[in-house]
Amino acid sequence: MAGTARFEWVVETMGIRASDRILEVGAGSSASVAYLAEPLTTGRVVAIDRSATAIARSRKKHAALVDAGRVRLLHLALEELRPEDVRDGDTGFDKVLAVNVNLFWTRDPTPELALIRELLNPGGALYLVYGYGEPGAGTSSSPKPLPGKLSEHLRGAGFEVRTRASGDLLGIVATPA
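Throughout this description, residue numbers start from 1 for each chain and increase along the sequence as written. Totals for whole chains, interfaces and linings use every residue, but because this is a predicted model, local features are given only for residues with pLDDT of at least 70 and side-chain atom pairs only at 80 or more, for both listing and counting. For the side-chain quantities, the full set of heavy atoms in the structure was used; hydrogens and water were omitted.

1. Remarks on the environment of R70
What counts is decided by this rule: A helix here means a DSSP run of H or I that spans at least four residues, while a strand means a run of E at least two residues long, and both kinds are numbered starting from the N terminus. Working rule for contacts: check all heavy atoms of both residues, and any pair within 4.5 Å makes them a contact.
Within the secondary structure, R70 sits in the loop between α4 (63-67) and β3 (71-75). Linking R70 and A34, residues 36 residues apart in sequence, is a C-alpha distance of 9.6 Å. Not counting residues up to four positions away in its chain, the partners in contact with R70 are A37, E38, L40, R44, V45 and L65.

Set out below in structure tokens:
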């Protein structure tokens, strides 16, 4: 499957635990949802995307995970999301993931970062991943933001920032300060 190593790197970088509640922003119709759900036993993935077409494709691709209650897919843009749209009662998220979502570096994402802080459980983290290639040896060839610009936005919104890179992949891990 194309992108296997990339998604495995994302899951490893996130350190997913069996009980994690994960929100994926801009999930599209990629295989990422299945990779996120794989290590979960009591946890759940909620994936949102602004594209109705992408969500419909994802629903078809991940029907077994949706039917089993391990994945919930919503046609929703982050800018429109309200906490009650994605929470189950008072339960927030242990991890929030966005892969190649440009709003975090093409403009000031202060409102979205405030929402993510509100959605995160204590000890939770935001993972921003950029790149289309594979981890490991090699150089970065896909377009991606400068880590400094992302870090500036994240620190301004009250997050502590760590950077992880491998091959063509850039990962930013942000935890509320």
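Next, the rest of the story.
2. A few points about the pairing of strand β7 (residues 169-176)
One face of the sheet, then the other: side chains in a regular strand alternate in exactly this way. Our working rule: Type-normalised accessible area, obtained with a 1.4 Å probe on protein chains alone, sets the label of each residue: buried when under 20%, exposed when over 50%, and partly exposed for intermediate values. A strand pair is defined by DSSP finding two or more bridges across the two strands.
Of all the eight residues making up β7, six are buried; the element is thus mostly covered by neighbouring parts of the structure. With five bridges joining them, strand β5 (residues 120-130) and β7 adopt antiparallel strand pairing. Paired with L128 across the bridge in β7 is I172. Examined bridge by bridge, strand β6 (residues 159-166) and β7 share eight bridges and lie antiparallel to one another. Its bridge partner being in β7, S166 is matched across the sheet by L169.

3. Points about the pattern of salt bridges
Let me state the cut-off plainly: For salt bridges, the criterion is a side-chain nitrogen of Lys or Arg within 4 Å of an Asp or Glu carboxyl oxygen.
A full pass over the atoms with the stated rule returns seven salt bridges. We note a salt bridge from R82 to E84, for which the minimum N-O separation is 3.7 Å. What makes E84 exposed here is its relative accessible area of 55%. For R82, the salt bridge identified is with D85, shortest N-O distance 2.8 Å. For D85, a relative accessible area of 16% translates into the label buried. Through salt bridges with shared partners, one network takes in R17, D20 and K95.

4. Overview of helix α8 (residues 147-156)
Under the convention used in this document: Comment: arc refers to directions from the helix axis out to C-beta atoms.
Inspection of α8 places L150, S151, H153 and L154 among the buried residues, and these make up the whole buried set. The buried side chains of α8 occupy one side of the element, clustering within an arc of 165 degrees when seen end-on. The exposed set on the far side of α8, more than 90 degrees from its buried face, consists of E152, R155 and G156. Where the residues of α8 are buried, they touch α6 (103-106), α7 (110-119), β5, β6 and β7. G158 occupies a position one or two residues after α8 and carries a positive phi of about 90 degrees.

5. Considerations on the sheet that holds β6
The strands making up a sheet are joined through hydrogen bonds of the backbone, oriented either antiparallel or parallel. To be explicit about the condition: Structural elements are reduced to axes, namely lines fitted to C-alpha atoms, with helices fitted over the stretch in contact, and the angle between N-to-C directions of any two is expressed from 0 to 180 degrees.
Pairing in this open sheet of seven strands is mixed, and the strands run β3-β2-β1-β4-β5-β7-β6 from one edge to the other. A single partner strand is all that each edge strand has here, and the edge strands are β3 and β6. For this sheet the average axis-to-axis angle between neighbouring strands, irrespective of direction, equals 20 degrees.

6. Quick look at the nonpolar core
Heads up, the rule is: Take the buried residues of types Ala, Val, Leu, Ile, Met, Phe, Trp, Tyr and Cys, join any two whose side-chain atoms come within 4.5 Å, and each joined set is a nonpolar core.
Ranked by size, the top nonpolar core spans 31 residues in total, and within it L23, I48, V86, F104, L128 and L154 carry the most contacts. In this structure, V86 is in contact with R21, L23, V46, I48, R72, L74, L81, F93 and L119, ignoring residues within four places of it in sequence. Counting 27 residues, the second-largest nonpolar core is a separate cluster that includes A31, A37, A47 and L65.

7. What about helix α3 (residues 52-61)?
Where we set the bar: A 3.5 Å cut-off defines polar contacts: any pair of N or O atoms within that distance qualifies, except that in protein one atom must be a possible hydrogen donor and the other a possible acceptor, and neighbouring residues in sequence count only when both atoms are side-chain atoms.
Three or more residues of α3 are buried, namely A54, I55 and S58. Along the long axis of α3, the arc covered by the buried residues comes to 95 degrees, so they all point the same way. Seen from the buried face of α3, the exposed residues on the opposite side, beyond 90 degrees, are R57 and K60. Contact partners of the buried residues in α3: α2 (32-37), β2 (44-49) and β3. Where α3 begins, the side chain of S51 points an oxygen toward the backbone nitrogen of T53, at a separation of 3.4 Å.

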